[in-house]
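These are the residues of each chain, in order.
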Amino acid sequence: MKQEQAEIIALQALAWIVSEDDLRDVFLGASGASVDDLRSRAADPDFQGAVLGFLLMDDAWITGFCDAHGLSYETPYAAQQSLPGQAEVHWT
């Protein structure tokens, strides 16, 4: 997946999280982000990686987001791995 596509998916995930009132509050609490941070850091690849990482913590969140956007359930993980600094480190 190209970085540009990954960024679009991350922004879609952020918008979806924010639209889910209870989940938005969980994200804000878990990330320590403020509502202002959501606006100011939305284009930051590190923040986008954190958004996708949060989404990947719960299967119900992944399926809810992917179903709402017509994406495969593997897409959020692939997007996260395509953002700078987010790829898993392989030690072998």
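Small disclaimer: the values here were computed from a predicted structure and weren't measured. (Residues numbered from 1 in each chain as written. Predicted model: local features only at pLDDT ≥ 70, side-chain atom pairs only at ≥ 80, totals over all residues. Heavy atoms only, no water.)

Trainee: Mind showing me how you'd approach the overall build of the protein here?
Mentor: Across its full length, the protein holds six helices and zero strands. Going from N to C terminus, the protein has its helices and strands arranged as α-α-α-α-α-α. Its C-alpha atoms give the protein a radius of gyration of 13 Å, near enough to 12 Å, the size a compact globule of 92 residues would have. In terms of its C-alpha atoms, the protein occupies a principal-axis envelope of roughly 40 × 25 × 25 Å. Sorting the 92 residues of the protein into buried and exposed places 33% on the buried side. For the protein, the share of sequence-separated contacts (at least 6 apart) that also reach a separation of at least 24 residues comes to 62%. As displayed, the protein offers around 5,400 Å² of accessible surface, 52% of which is attributable to carbon and sulfur atoms. Averaging the coordinates of the 4 positive side-chain charges in the protein and doing the same for the 15 negative ones gives two points 8 Å apart. (Helix = DSSP H or I, 4+ residues; strand = E, 2+ residues; numbered from the N terminus. Rg over C-alpha atoms; globule rule 2.2 N^0.38 Å. Buried < 20%, exposed > 50% of the residue type's maximum accessible area, 1.4 Å probe, protein only. Contact = heavy atoms within 4.5 Å. Areas by Shrake-Rupley, 256 points an atom, 1.4 Å probe, with all protein chains shown as cover. Lys, Arg positive; Asp, Glu negative; His and termini not counted. Charge placed at Lys NZ, Arg CZ, Asp CG, Glu CD.)

Trainee: Would you mind showing me how to read helix 4 (residues 45-55) here?
Mentor: Two residues of an α-helix separated by three or four positions point the same way, owing to the 3.6 residues in each turn. When we look at burial in helix 4, the residues that qualify are Phe-47, Gln-48, Gly-49, Val-51, Leu-52, Phe-54 and Leu-55. Buried residues along helix 4 sit in contact with helix 1 (3-19), helix 2 (21-31), helix 3 (35-40), helix 5 (59-69) and helix 6 (75-82). Here helix 4 starts with a cap whose side-chain oxygen sits 3.0 Å from the backbone nitrogen of Asp-46, and that cap is Asp-44. (Polar contact = N/O pair within 3.5 Å; in protein donor to acceptor, adjacent residues only side chain to side chain.)

Trainee: For this particular structure, what's the right way to read the side chain of Gln-48?
Mentor: With respect to the secondary-structure elements, Gln-48 resides in helix 4. Its relative accessible area of 2% is what places Gln-48 among the buried residues. Beyond its immediate chain neighbours, meaning those up to four positions away, Gln-48 contacts Glu-7, Ala-10, Leu-11, Ala-42, Ala-43 and Leu-83.

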